[in-house]
Amino acid sequence: MPRHVLLIGFMGSGKSTVGRLVGESLGMPFLDLDAQVVATGGRTIEEIFAAQGESGFRAVESAALEALSGSDHAVIACGGGVVLDDANRSLLKRLGTVVYLQVSAEEALARIGDTSGRPLLAGGGVAMASALLRSREALYEATADVTVSTAGRTPREVADSVVTAVGCRS
Ligand code: S3P
């Protein structure tokens, strides 16, 4: 099994931005699970949610994660809901080092700005985002090998912490 670096965490935690920087630092390719979902599904995430609902989206997401299992080692930014599925959580743990990027609901919303591309946040406010984050926190923590706080930190600072943490584990 390849040793990937897998970034998990809530929407707006900076998984893609940080993941690119971590990939550059470690000399590893960067892959984005949401981008794979869009490529596999042939539609945007909003379109998949609209046509197939969240469960349809989750099925494509799980298939995309499985498809990445066989790829050469990479830094992979996962969608925020990837941890909801038991099989995904087991697979993530087998695939490599799982890093949880922690963010508050307030900071996540501030970073995302326009939530129209995130069907689970669109139209809701901080209360909705907080409730969703709270419902997932234990899953992020249980799946992660390493937790890195992003509070008030730049992507570069977070990426450096991730590289250090991953280096300590290999
Ligand atoms: C989701 C997170 C999104 C995307 C989809 C569902 C979630 O990815 O997969 O909108 O359930 O948290 P990001 O975490 O990359 O925004």
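Residues numbered from 1 in each chain as written. Predicted model: local features only at pLDDT ≥ 70, side-chain atom pairs only at ≥ 80, totals over all residues. Heavy atoms only, no water.

1. Some words on the layout of surface pockets
Put simply, the rule reads: Space inside and on the surface of the protein is sampled on a 1 Å grid over the protein atoms alone, with a cavity defined as a set of points where a 1.4 Å probe fits but cannot get out and a pocket as an open set with protein on both sides within 12 Å along at least 5 of 7 lines; lining residues have an atom within 4 Å of a point. Grid points are joined across faces, edges and corners, and a volume is the space filled by probe spheres set on the points. Segments assigned H or I by DSSP are reported as helices when at least four residues long, segments assigned E as strands when at least two residues long, and all are numbered from the N terminus. For this classification, the nonpolar set comprises Ala, Val, Leu, Ile, Met, Phe, Trp, Tyr, Cys and Pro, the charged set comprises Asp, Glu, Lys and Arg, and every other residue, Gly included, is treated as polar.
Space inside the largest pocket adds up to approximately 610 Å³. Lining the largest pocket are 35 residues, and of these Met11, Gly12, Lys15, Asp34 and Arg118 lie nearest its centre. For the lining of the largest pocket, the secondary structure elements donating two or more residues are helix 1 (15-26), helix 3 (45-69), helix 5 (105-112) and helix 7 (155-169). By residue number, the principal contributor to the lining of the largest pocket is helix 3, which donates six residues. Partitioning the lining of the largest pocket into residue classes produces 13 nonpolar, 12 polar and 10 charged.

2. Here's the deal with the packing of helix 1 against helix 7
Test applied: The convention used is that axes are lines fitted to C-alpha atoms, helices contributing only their stretch in contact, and that angles between N-to-C directions extend from 0 to 180 degrees. Oblique is the label for any angle not covered by the other classes, which are roughly parallel (under 35 degrees), roughly antiparallel (over 145) and roughly perpendicular (65 to 115). Less than a right angle of anticlockwise turn of the near helix away from the far helix marks a crossing as left-handed, whereas a clockwise turn marks it as right-handed. Contact definition: two residues touch when any of their heavy atoms are within 4.5 Å.
Taken N-terminus to C-terminus, the directions of helix 1 and helix 7 make an angle of 50 degrees; their axes are 9 Å apart at the nearest point. As far as their axial angle goes, helix 7 and helix 1 are oblique. Helix 1 and helix 7 meet at a crossing whose hand is right-handed. The segment helix 1 lies against helix 7, with Thr17, Val18, Leu21, Val22, Ser25 and Leu26 engaging Pro155, Arg156, Val158, Ala159, Val162 and Val163. Within the contact of helix 1 with helix 7, the residues separate by chemical class into nine nonpolar, two polar and one charged.

3. Examining the site of the ligand
Condition: Any residue with a non-hydrogen atom lying within 4 Å of a molecule or strand is treated as near it. Nitrogen and oxygen atoms within 3.5 Å of one another constitute a polar contact, given that in protein one can donate a hydrogen and the other can accept it, and given that sequence-neighbouring residues count only through two side-chain atoms. Just a note on the criterion: a molecule sits in a pocket or cavity if more than half of its atoms are within 2 Å of the grid points.
Residues in contact with the ligand amount to 13 residues; listed here are only the nearest, Lys15, Asp34, Arg58, Arg118 and Arg136. Between the ligand and the protein, one listed contact pairs an oxygen atom with a backbone N or O atom of Gly81 at 3.2 Å. Arg136 has a polar side-chain atom sitting 2.6 Å from an oxygen atom of the ligand. Most atoms of the ligand, that is more than half of them, are within 2 Å of grid points of the largest pocket. The greatest single-element share of the shell around the ligand, amounting to three residues, is contributed by helix 3. Across the shell around the ligand, the residue classes tally to five nonpolar, three polar and five charged.

4. Observations concerning the pattern of salt bridges
To keep it simple, the criterion reads: By definition, a salt bridge exists where a carboxyl oxygen of Asp or Glu is found within 4 Å of a side-chain nitrogen of Lys or Arg. Under the scheme applied here, a residue whose accessible area is under 20% of the maximum for its type counts as buried, over 50% as exposed, and between as partly exposed, the area being computed with a 1.4 Å probe on protein chains only.
Enumeration over the complete set of coordinates arrives at five salt bridges. Across the salt bridge formed by Asp86 and Arg89, the nearest N and O atoms sit 2.7 Å from each other. One end of the pair, Asp86, and the other, Arg89, are both in helix 4 (residues 86-95), three residues apart, so they sit about a helical turn from each other. Classification of Asp86 by relative accessible area gives exposed; the value is 55%.

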